[in-house]
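Each chain is listed here by its residues.
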Amino acid sequence: YREYEHTAAFVTTSYRFTTGWELGLGLRVDDWSANTLDRNATLYGTNTPFLEQGETEVMPKASASYSFDNGAMAYATYAKGFEPGGYNLYNPVGVPLLNPFKKEQANSYEVGIKLPLADNTLELNAAVFYIDYKDRQFEIQQQIAIGGIVENILNVGDSEQYGIEADFRWRVNDFLTLSGNAGWLDAEFKPGAFVVNVNSGISEVSGNFPPWISDYSYSLGAQFEKPISAGMTLRARLDWVGKGPYWFNMEN
């Protein structure tokens, strides 16, 4: 039996100066708890039938932007976030036992610019970002002692990732609009990161690329829209989307 509870409050405010600057501040306070009752504790002879954890998280965010006379805007943002902890029903070697995992935390930073061009028929946007993770949570599959495979969540360790993203939207004429975006990303686990592998052994993953993340992605799109009668509009769209390869596990 699992029970999660969150009680949160947040406040945001912003102030726009006459010089073109705008500052924003925010704060969220989140009190969370995760409780788990193992009804099989007596059956398996464990001494931890009930466990609970929780904390009060304080998460600030801040932003600063500057609007130019030509409609362009530059901005910078910071935000802190978290993912709550909880309990697995098996320990790292597959024995039925309440096995805790800790909360995951992240600090993210972003700097970007928005550029309207050619009488606002063309818009270009670009941003660079950096995310610093602590105690990252990942779901893994493990062979258990009594046979079969279970999925557990583990805190692998700390990681960081940074990259750049850009996109455009071009209104070619009254009927045709072209759009596209591209992104590049680099990421790695910091020293001291490890994972319990499928054979219940320990694998060092420091310096590895985190799974499920592609180092590049892109898309192109074209949309055609034209009225063909008083009550009918023809719309057609073509999209091409691609992204690079990615790893399925922390061991790469």
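Residues numbered from 1 in each chain as written. Predicted model: local features only at pLDDT ≥ 70, side-chain atom pairs only at ≥ 80, totals over all residues. Heavy atoms only, no water.

Here the focus is the layout of surface pockets. There is about 220 Å³ of room inside the largest pocket. Along the wall of the largest pocket there are 13 residues; nearest its centre are I140, Q141, F248, N249 and E251. For the lining of the largest pocket, the elements supplying multiple residues, two or more each, are β8 (122–143) and β11 (194–196). Residue contributions to the lining of the largest pocket peak at three residues, all from β8. Class assignment for the residues of the lining of the largest pocket results in eight nonpolar, three polar and two charged. Its volume calculated, the second largest pocket comes out at about 180 Å³. Around the second largest pocket, the lining residues are Y1, R2, T36, L37, D38, R39, N40, Y44, L89, Y90 and P96. (1 Å grid on protein atoms, 1.4 Å probe; cavity = no way out; pocket = protein on both sides within 12 Å on 5 of 7 lines; lining within 4 Å. Points joined across faces, edges and corners; volume = space filled by probe spheres on them. Helix = DSSP H or I, 4+ residues; strand = E, 2+ residues; numbered from the N terminus. Nonpolar A, V, L, I, M, F, W, Y, C, P; charged D, E, K, R; others polar.)

Relative to β8, strand β7 (residues 104–117) runs antiparallel, the two sharing 13 bridges. Residue pairing across strands places E110 opposite F129, the latter belonging to β8. Where β7 folds back on β8, the antiparallel hairpin that results is connected by four residues, among which A118 adopts a positive phi of roughly 50°. Sheet topology note: the β8/strand β9 (residues 149–171) ladder contains 20 bridges and is antiparallel. Residue pairing for β9: Q137 is matched across the bridge by N155. (Pairing = 2+ DSSP bridges.)

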